[in-house]
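# Observations on the three-dimensional arrangement
Residue-level listing of the chains:
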There are 2 protein chains.
Amino acid sequence: MRRDIFQAIADPTRRAIILLIAAQGMTPNLLAEHFDTSRQAISKHLRILSECDVVRQEPSGREIYYQLNPVKMEEIEHWLAQFRNILDQRFSNLDNLLSTIQNKSK
Amino acid sequence: MRRDIFQAIADPTRRAIILLIAAQGMTPNLLAEHFDTSRQAISKHLRILSECDVVRQEPSGREIYYQLNPVKMEEIEHWLAQFRNILDQRFSNLDNLLSTIQNKSK
DNA sequence: TATATACGCTACCATTCGGTTTCGCAATAG
DNA sequence: CTATTGCGAAACCGAATGGTAGCGTATATA
């Protein structure tokens, strides 16, 4: 079973859950009110988010508040940074090539 | 069929393909050499990436070079910015709360 | 012209996904 | 104590996923 943040944010419902929980910790029932799907479906998404450690449980009586773990989101930023580095490097190589051509034409 | 960038980057092979193509446009056969999977599997990933407009085809004789469309990647950045905004807002509200408490204690 | 290569497309397969329904358990309310 | 509420877990279903194998076509090469 693949289970990383990229798989966690692949589903639009889970992305919405992340944004909602980022604003404030919420219970599954509270979350389900924001979507036109069942509480169980939301619970399943929360389980996936928990397995990815994107979200943490905080029991309070018979309710469970789900809180965001912002650290996990950095893995996305990390991959994007990798991506941007490659692009930057490519462009700087292009610059080198261009200046080489300029030098030759002199 | 769901088809957006978040679904495109959900698969680790596709993430690797994106990074490889970001560095340099490549043909399916060339790409397949970097993985221990078949050319057909890579072609399928490329089709998904094409449908998401993350990647563009550039025919050259009987070869097809796949080039990256960097613009599409900004959608990820956009969602992350949304996420960061919510977190920032939450913290500034906390600041407001704290200063309110301070004022009351005065 | 005959052959080899690069590729997309379709058919097929096992697995996973997102969802619903049902159930059982613990905590609260009456 | 009994009824209700909040929740996770399991069984099940249709659809999508990632992969393979084989076919057809266009380009390049002998």
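Above this note sits the structure.
Let me begin by describing the structure that accompanies this report. The structure presented is a predicted model; accordingly, all values stated were derived computationally and were not measured.

Take the interface of chain A and chain B next. The interface of chain A with chain B comprises 30 residues on the first partner and 30 residues on the second. Buried surface at the junction of chain A and chain B, both sides included, amounts to about 2600 Å², of which 69% is carbon and sulfur. When the area that chain A buries against chain B is broken down by residue, the three leading residues are Leu19(A), Trp79(A) and Phe83(A), summing to 24%. The interface formed by chain A and chain B holds four salt bridges in total. Between the two partners, chain A and chain B, sit four residue pairs in polar contact (both at pLDDT 80 or more). Listing elements by their share of the side of chain A that touches chain B, those giving two or more residues are helix H1 (5–8), helix H2 (12–23), strand E2 (63–68) and helix H5 (70–105) of chain A.

Looking now at the pattern of salt bridges. Residues and elements named next belong to chain A. Counted according to the given criterion, the structure contains 12 salt bridges over all chains. As a salt-bridge pair, Arg3 and Glu51 come within 2.8 Å of each other at their nearest N and O atoms. Note that Arg3 is positioned in the segment before H1 and Glu51 in helix H4 (residues 39–51), a separation of 48 residues in sequence. When the shortest N-O distance is used, the salt bridge between Glu51 and Arg47 registers 3.1 Å. Highlighted residues: Glu51 and Arg47, both in helix H4, separated by four residues, approximately one helical turn. What makes Glu51 partly exposed here is its relative accessible area of 39%.

Before going further, it helps to examine the protein's contact with DNA strand C. Inspection of the region around DNA strand C gives 24 residues, with Lys44(A), His45(A), Asn29(B), Ser43(B) and Tyr66(B) positioned closest. Backbone atoms, meaning sugar and phosphate, make up 63% of the atoms of DNA strand C lying within 4 Å of the protein. One of the side-chain nitrogen or oxygen atoms of Gln40(A) is found 2.9 Å away from a base oxygen of DNA strand C. Contacts to DNA strand C include Arg39(B), whose side-chain N or O atom sits 3.3 Å from a base nitrogen. Elements with a contribution of two residues or more to the surface near DNA strand C: H4 of chain A together with helix H3 (28–32), helix H4 (39–51) and strand E2 (63–68) of chain B. The greatest single-element share of the surface near DNA strand C, amounting to five residues, is contributed by H4(A). Residues of the surface near DNA strand C, tallied by class, amount to five nonpolar, 10 polar and nine charged.

Right, let's get into the protein's contact with DNA strand D. Neighbouring DNA strand D are 25 residues; Ser43(A), Tyr66(A), Ser38(B), Lys44(B) and His45(B) lie closest to it. A share of 65% is what sugar and phosphate atoms reach among the atoms of DNA strand D within 4 Å of the protein. Measuring from a base nitrogen of DNA strand D, one finds a side-chain N or O atom of Arg39(A) at 3.2 Å. Looking at the surface near DNA strand D, the elements that each hand over two or more residues are helix H3 (28–32), H4 and E2 of chain A together with H4 of chain B. Looking at the surface near DNA strand D element by element, the count peaks at five residues for H4(B). For the surface near DNA strand D, the residue count by class is six nonpolar, 10 polar and nine charged.

Below, the discussion takes up the layout of surface pockets. All names here are of chain A. Estimates place the volume of the largest pocket at around 160 Å³. Together, Thr27, Pro28, Asn29, Leu30, Arg39, Ser43, Arg62, Glu63, Ile64 and Tyr65 line the largest pocket. Elements with a contribution of two residues or more to the lining of the largest pocket: H3, H4 and E2. Grouping the amino acids of the lining of the largest pocket by side-chain chemistry returns four nonpolar, three polar and three charged.

Rules of the game
- Each chain has its residues counted from 1, running along the sequence as written.
- Lettering for chains starts from A, numbering for ligands starts from 1, and both go in the order in which the items are written.
- At least 70 in pLDDT is required for a residue's local features to be given in this predicted model, at least 80 for side-chain atom pairs to be given and counted, and no such filter applies to totals for whole chains, interfaces and linings, which use all residues.
- Based on all heavy atoms of the structure, the side-chain values leave hydrogens and waters out of the count.
- Whether two residues touch is decided by their heavy atoms; if any such pair falls within 4.5 Å, the residues are in contact.
- Two parts placed together each lose some accessible area under a 1.4 Å probe, and adding up what both lose gives the buried area.
- The term salt bridge refers to a side-chain nitrogen of Lys or Arg lying within 4 Å of a carboxyl oxygen of Asp or Glu.
- Any pair of nitrogen or oxygen atoms within 3.5 Å is treated as a polar contact; in protein, a donor-acceptor pairing is required on top of that, and neighbouring residues in sequence qualify only through side-chain atoms on both sides.
- Secondary structure elements follow DSSP: runs of H or I no shorter than four residues count as helices, runs of E no shorter than two count as strands, and numbering proceeds from the N terminus.
- Only protein chains enter the accessibility calculation, which uses a 1.4 Å probe; a residue whose area is less than 20% of its type maximum is buried, one above 50% is exposed, and one in between is partly exposed.
- In this text, near means that some heavy atom of the residue lies within 4 Å of the molecule or strand in question.
- Only Asp, Glu, Lys and Arg are considered charged in this grouping, and only Ala, Val, Leu, Ile, Met, Phe, Trp, Tyr, Cys and Pro are considered nonpolar; every other residue, Gly among them, is considered polar.
- With a 1 Å grid spanning the protein atoms alone, the term cavity applies to any set of points in which a 1.4 Å probe fits but cannot get out, the term pocket to an open set with protein on both sides within 12 Å along at least five of seven lines, and the term lining residue to any residue with an atom within 4 Å of a point.
- Grid points are joined across faces, edges and corners, and a volume is the space filled by probe spheres set on the points.

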